Protein chains: 2
Amino acid sequence: MAATSETSCNPLHQVHELAEILLDSESEQPVRPMLDPKAARRDLELDLPESGLPLERAIDKLRSVVLATPVTTGTGFYNQLFGGRESIAVLADMLAAICNTSMYTYKAAGVQVILEQILLEKMMKLAGFAGGDGLFTPGGSMSNMAAMIIARNEAVEDSREAGFPAGDFVVYTSAESHYSVRKNAGLLGIGRANVVAIPADEIGRMIPEKLDEQIVSDLAAGKKPLMTITTSGTTVMGAFDPIKPIVEVAKKHNTWVHVDGAFGGSALLSDAFAHLMDGLELADSFTWDAHKMMGVPLICSVMLTRHAGMTTKHFDEAATYLFQQDEDMLNPGTRSLQCGRRNDALKLWAAWQHLGDEGYKSRVERQFELAQHFRSRIDEDLELQLSCDPQWITVCFEVTGKPSDQICDELDRRQMAKIGWGIVHGRRVIRMVCVNPDLTTSDLDDLLAKIKAVGAEMPEADNAVTK
Amino acid sequence: MAATSETSCNPLHQVHELAEILLDSESEQPVRPMLDPKAARRDLELDLPESGLPLERAIDKLRSVVLATPVTTGTGFYNQLFGGRESIAVLADMLAAICNTSMYTYKAAGVQVILEQILLEKMMKLAGFAGGDGLFTPGGSMSNMAAMIIARNEAVEDSREAGFPAGDFVVYTSAESHYSVRKNAGLLGIGRANVVAIPADEIGRMIPEKLDEQIVSDLAAGKKPLMTITTSGTTVMGAFDPIKPIVEVAKKHNTWVHVDGAFGGSALLSDAFAHLMDGLELADSFTWDAHKMMGVPLICSVMLTRHAGMTTKHFDEAATYLFQQDEDMLNPGTRSLQCGRRNDALKLWAAWQHLGDEGYKSRVERQFELAQHFRSRIDEDLELQLSCDPQWITVCFEVTGKPSDQICDELDRRQMAKIGWGIVHGRRVIRMVCVNPDLTTSDLDDLLAKIKAVGAEMPEADNAVTK
């Protein structure tokens, strides 16, 4: 049927035009202007109207808003542990928004449930957890949360029914681990004060001997080791804790071992790097985010465990109105953290169809190659100083004598790049994450040149963090 | 630059074609065939390849998969508490996938953070929580979880640091409440056994006097009331607990009151129905899912609280590498459950721009009108039997003497409709949710005719649940 006016058109027919505008604008303006928040609210007329705007006008507004949003693809964005995109994954995610299936039952989500199962099987196999159990969660923090719940409830058997009797239990993790470990301990009733940070070595890896000492001393003090969380790819330095020796220590003292590979888990995609996670197959659970190194849109995270049946055992809740046909294996709602759940699987499945195992291997190796190039440029430049020997795709460094934090702010202000800073060995450093495989080495050289140019204009400053 | 071959094209250029195919197919086939899971896996070649498929072939596969996915819009889907779509919201969600901004900082997400704040302000105002606090979460279960964490930590002050000393604490909720209450109690270390179900009346509302009796008797037994969770729009019957009298009881005994309005919260959008939630402004926290009655794609859920500063107080965690410029109010990562977080705000913002307050009012009233029509058709039909007096847009009923569960399965098998069943007063009933405002009364009449026709072919059966 012909539409009677332009405004009666289905807005979905305009997706092509808007997508094209957005893609064009990304390449023209890889770093969009920093907007003053108050001015943006007023100028873009962001407040909600009492009477609705005609469709065309509402779409105009939507266009202005997306065109004023920071670009996370391309040669200007190095600010996070993601960047760039696999376009087929984005296409699939857009289709998931149209399909709008909730991932709790086969009745409601159909084949999408099978895709999810296939991805979990594949990722479990890569992790050495074949025959284990896993689930998609809304992010790395939540994957860590799921693992911490399972570990807690396995350690103190009646926790799920009777509640967790907090007190003397201790969670061990590296001083360089992600903040979600401590945060989750607060959320889950374990207590943040019961998370003990084990010292890391020069390049950011947890020291197994220090873990052993800490556990022995805690046991002597009457405390109860609850779980050990290792990190594969720490947030700032990109370090990989040595899983195998840590598992040996942890298992000697009977604690669950969780591996937070939200960032570095993708090392498993390449034989050349899988050794960074030696011992993973002996661990109990594992977090892996595909929305970081695997190039799919946010969010796509899995929690995997070596032990079959864990997710059903700890997350299942009867709901007759929901789970009513098909076997439970086809109803992920019986073992997920959530009830209604967005389809985060289709995008990863589509990318994996196009890339295959081989394409993902090349992707990871390319990311590493870029980081090696970047690192070598720093090594050979007397004005630049490497902050630690990088194990992975993150390179932390300083412009000698220049303030890392101010350089980053200024790069953003001048629309040159979005890049972040972190603290390494008590010093503020620029954190470069070579996560976008579409970059060229000359993109990286350009970025370094910009960083140096902005640094050169800055007054001398000491990056040592004093307080 | 011209692409050198078709396969080197950016797949995003194909979104228009795929979206059109998907929309056409939805209208031609509002209920897609039920696929045998094993056959689907084989026939659609869902397994992941070692070598990647050429782009065209991968997109072909993606097309087959989305075309084999259950349709959740249109006249065939009544299976869940969502259905239909606001197309502009879907368009916005698709653009969010292209933008792929993580919602933790203003530096990374820019204006998107402001949209989120505007939506929270608006929804808090509607809830009577102006000046309070709120956050977007990945679903109603998680919104309830956030509220339960805050309530738990507020009740036992040192919980966040020292851990929650489970034992004598009790969570009160209605026997008809969502399963996430019990589930979350297990996840959060409170213990599922410490959730007490308060009886509901004939139409599914928690009985305040019963709550009072239970608390009084628990106190006498030395237990500690932790929180009370009321429901606005229960999952099966769509009942609204009487918030005001419940708050009076709960506050007398000093418990936090959370209102789970994941489904029914949208009653606030219409003056005509807001009274169903009288007393909400006296409650402490509130869950509201926009992905149910407000027609935006999954997931879009908020947890709101009347008390300023609660989310920062209970969810904040320092992370220098992340939060480094702009005031905290502009960095939602300092107060959300997650770290990396998908943009769930843009779609709701876009829909609200187009509908306005007035459009959302009409939407809710239309949903109610449809339910009233459906209910009246059941009232006047001697073969059909209403299971309870519906307060909201859910109508539960039986085809007299015919098995509700088998009727639902058969409707699905024959591609006539996807609709679910639930248990009301110990009987299996068909649960009809009139959540798609694009339906016409004759769509509903047709559906009833189909239900009766399928029922007529069924052998007599008793819907009483015996076990």
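Residues numbered from 1 in each chain as written. Chains lettered and ligands numbered in written order. Predicted model: local features only at pLDDT ≥ 70, side-chain atom pairs only at ≥ 80, totals over all residues. Heavy atoms only, no water.

**Remarks on the environment of Ala127(A)**
Residues and elements named next belong to chain A. Which entries qualify depends on this criterion: Numbering of helices and strands starts at the N terminus; helices are DSSP runs of H or I of at least 4 residues and strands are runs of E of at least 2. Whether two residues touch is decided by their heavy atoms; if any such pair falls within 4.5 Å, the residues are in contact.
With respect to the element layout, Ala 127 can be found in helix α6 (residues 111-127). Separated by 63 residues in sequence, Ala 127 and Ile 190 place their C-alpha atoms 28 Å apart. Excluding residues that lie within four positions of it along the chain, Ala 127 makes contacts with Leu 268, Leu 280, Glu 281, Phe 286 and Leu 304.

**Regarding unusual backbone geometry**
Negative phi values dominate among residues other than glycine, just as trans dominates among peptide bonds. Residues and elements named next belong to chain A. Rules: Exposure classes here rest on a 1.4 Å probe applied to the protein chains alone. A residue is buried below 20% of its type maximum, exposed above 50%, and partly exposed in between.
Across the junction of Leu 298 and Ile 299, the peptide omega takes the value -10°, indicating a cis bond. With respect to the helices and strands, Ile 299 occurs in the loop between β7 (285-289) and β8 (301-305). At Asn 100, a position not held by glycine, the phi torsion is positive, near 50°. Tracing the backbone shows Asn 100 in the loop between α4 (87-99) and α5 (106-109). Classification of Asn 100 by relative accessible area gives buried; the value is 9%.

**Considerations on the interface of chain B and chain A**
In plain terms, the rule: Two parts placed together each lose some accessible area under a 1.4 Å probe, and the buried area is that loss summed for both. Salt bridge, as applied in this entry: a Lys or Arg side-chain nitrogen positioned within 4 Å of an Asp or Glu carboxyl oxygen. Any N or O atom pair separated by 3.5 Å or less is treated as a polar contact, with the protein-specific requirement of one donor-capable and one acceptor-capable atom, and with residues adjacent in sequence counted only for side-chain atom pairs.
Taken residue by residue, the interface counts 149 residues in chain B and 149 residues in chain A. For the pair chain B and chain A, the summed buried surface comes to about 12,800 Å²; carbon and sulfur atoms form 62% of the total. Where chain B packs against chain A, one counts 10 salt bridges. Glu317(A) serves as the salt-bridge partner of Arg192(B), at 3.0 Å between the closest nitrogen and oxygen. Summed over the shared surface of chain B and chain A, the result is 74 residue pairs in polar contact (both at pLDDT 80 or more).

**Observations regarding the pattern of salt bridges**
Across all of its chains, the model carries 82 salt bridges over all chains by this definition. Here Asp344(A) ties to Arg342(A) by a salt bridge, and the two come within 3.6 Å at their closest N and O atoms. Given a relative accessible area of 9%, Asp344(A) falls into the buried group. In this structure, Arg306(B) and Asp284(B) form a salt bridge, with 3.6 Å as the shortest nitrogen-oxygen distance. Note that Arg306(B) is positioned in the loop between β8 (301-305) and α13 (310-315) and Asp284(B) in the loop between α12 (271-274) and β7 (285-289), a separation of 22 residues in sequence. The network of salt bridges with shared partners includes Asp93(A), Arg342(A), Asp344(A), Lys347(A), Asp93(B), Arg342(B), Asp344(B) and Lys347(B).

**A closer look at the packing of helix α3 (residues 55-67) of chain A against helix α4 (residues 87-99) of chain B**
Applicable threshold: To obtain each axis, a line is fitted to C-alpha atoms, and for helices this fit is confined to the stretch in contact; angles are then taken between N-to-C directions over 0 to 180 degrees. Oblique is the label for any angle not under 35 degrees, not over 145, and not in the 65 to 115 range, which are roughly parallel, roughly antiparallel and roughly perpendicular in turn. Helix crossings fall into two classes, left-handed where the near helix is turned counterclockwise from the far one by less than a right angle and right-handed where it is turned clockwise.
For the pair α3(A) and α4(B), the least separation of the axes is 11 Å and the interaxial angle reads 15°. Put simply, α3(A) runs roughly parallel to α4(B). The chirality of how α3(A) crosses α4(B) is right-handed. In this structure, α3(A) contributes Leu55(A), Ala58(A), Ile59(A), Leu62(A) and Val66(A) to the contact, and α4(B) contributes Ile88(B), Leu91(B), Ala92(B), Leu95(B) and Cys99(B).

**Digging into the domain arrangement of chain A**
Residues and elements named next belong to chain A. The criterion, for reference: The split into domains, and so the bounds of each, comes from an automatic or database assignment of domains.
Partitioning chain A into structural domains gives domain 1 (6-71), domain 2 (91-350) and domain 3 (360-457). Put simply, the middle of domain 1 and the middle of domain 3, counted by C-alpha atoms, are 32 Å apart. Residue-level contacts link six residues of domain 1 with six residues of domain 3. Summed over both sides, the interface of domain 1 with domain 3 buries roughly 490 Å², with 65% coming from carbon and sulfur. For the domain 1 face of the interface with domain 3, the top three residues by lost area are Val 31, Met 34 and Pro 70, together amounting to 82%. At the junction of domain 1 with domain 3, the criterion picks out zero salt bridges. Joining domain 1 to domain 3, the criterion identifies one residue pair in polar contact (both at pLDDT 80 or more).

**A word on the environment of Pro208(A)**
Residues and elements named next belong to chain A. Tracing the backbone shows Pro 208 in helix α10 (residues 208-220). By relative accessible area, which is 11% here, Pro 208 ends up buried. For the pair Pro 208 and Leu 448, spaced 240 residues apart in sequence, the C-alpha to C-alpha distance is 36 Å. In contact with Pro 208, other than residues within four places in its own chain, are Pro 242, Pro 245, Ile 246 and Val 249.

**Observations regarding the relation of the copies chain B and chain A**
What counts here: Alignment of copies: least-squares fit on C-alpha atoms of residues with pLDDT of at least 70 in both copies.
Least-squares fitting of chain B to chain A yields an RMSD of 0.0 Å, with the superposition described by an axial translation of 0.0 Å and a rotation of 180°. What we have between these two chains is a two-fold relation. Both copies contact each other with a shared surface, as 100% of the interface residues of chain B are interface residues in chain A too.

**Remarks on the sheet that holds strand β9 (residues 384-386) of chain B**
All names here are of chain B. So the rule is basically this: Two strands pair under a simple rule: DSSP has to find at least two bridges between them.
One open sheet holds the five strands; their spatial order is β1-β11-β12-β10-β9, and the pairing between them is mixed. This sheet does not close on itself; its edge strands, each paired only once, are β1 (77-78) and β9. Note: strand β10 (residues 394-399) against strand β12 (residues 427-433), four bridges, orientation antiparallel. If you follow Cys 396 over to β12, its bridge partner there is Arg 431.

**Points about the pairing of strand β4 (residues 195-198) of chain B**
Examined bridge by bridge, strand β3 (residues 169-174) of chain B and β4(B) share four bridges and lie parallel to one another. Along β4(B), the bridge assignment pairs Tyr172(B) with Val196(B).

**So, helix α11 (residues 243-252) of chain A**
All names here are of chain A. Just so we agree on the cut-off: The directions considered for the arc run from the helix axis to the C-beta atoms.
Residues Ile 243, Ile 246, Val 247, Val 249 and Ala 250 constitute the buried set of α11. Along α11, the residues classed as buried sweep out an arc of 165° about the axis, all on the same side. For α11, the exposed residues set more than 90 degrees away from the buried face come down to Glu 248 and Lys 252. On its buried side, α11 packs onto α10, β5 (224-231) and β6 (256-261). Where α11 ends, the next residue or the one after it, Asn 254, has phi of about 60°, a positive value.

**Quick notes on the sheet that holds β6(A)**
Sheet strands associate in pairs through backbone hydrogen bonding, adopting either a parallel or an antiparallel arrangement. Residue and element names in this part refer to chain A. Spatially, the seven strands line up as an open sheet ordered β2-β8-β7-β6-β5-β3-β4, and their pairing is mixed. Each edge of the sheet is formed by a strand with only one pairing partner; in this case those strands are β2 (133-137) and β4 (195-198). Averaged over neighbouring strand pairs, the angle between their axes works out to 20° when direction is ignored. Bridging between β6 and β7 involves four bridges; their strand directions are parallel.

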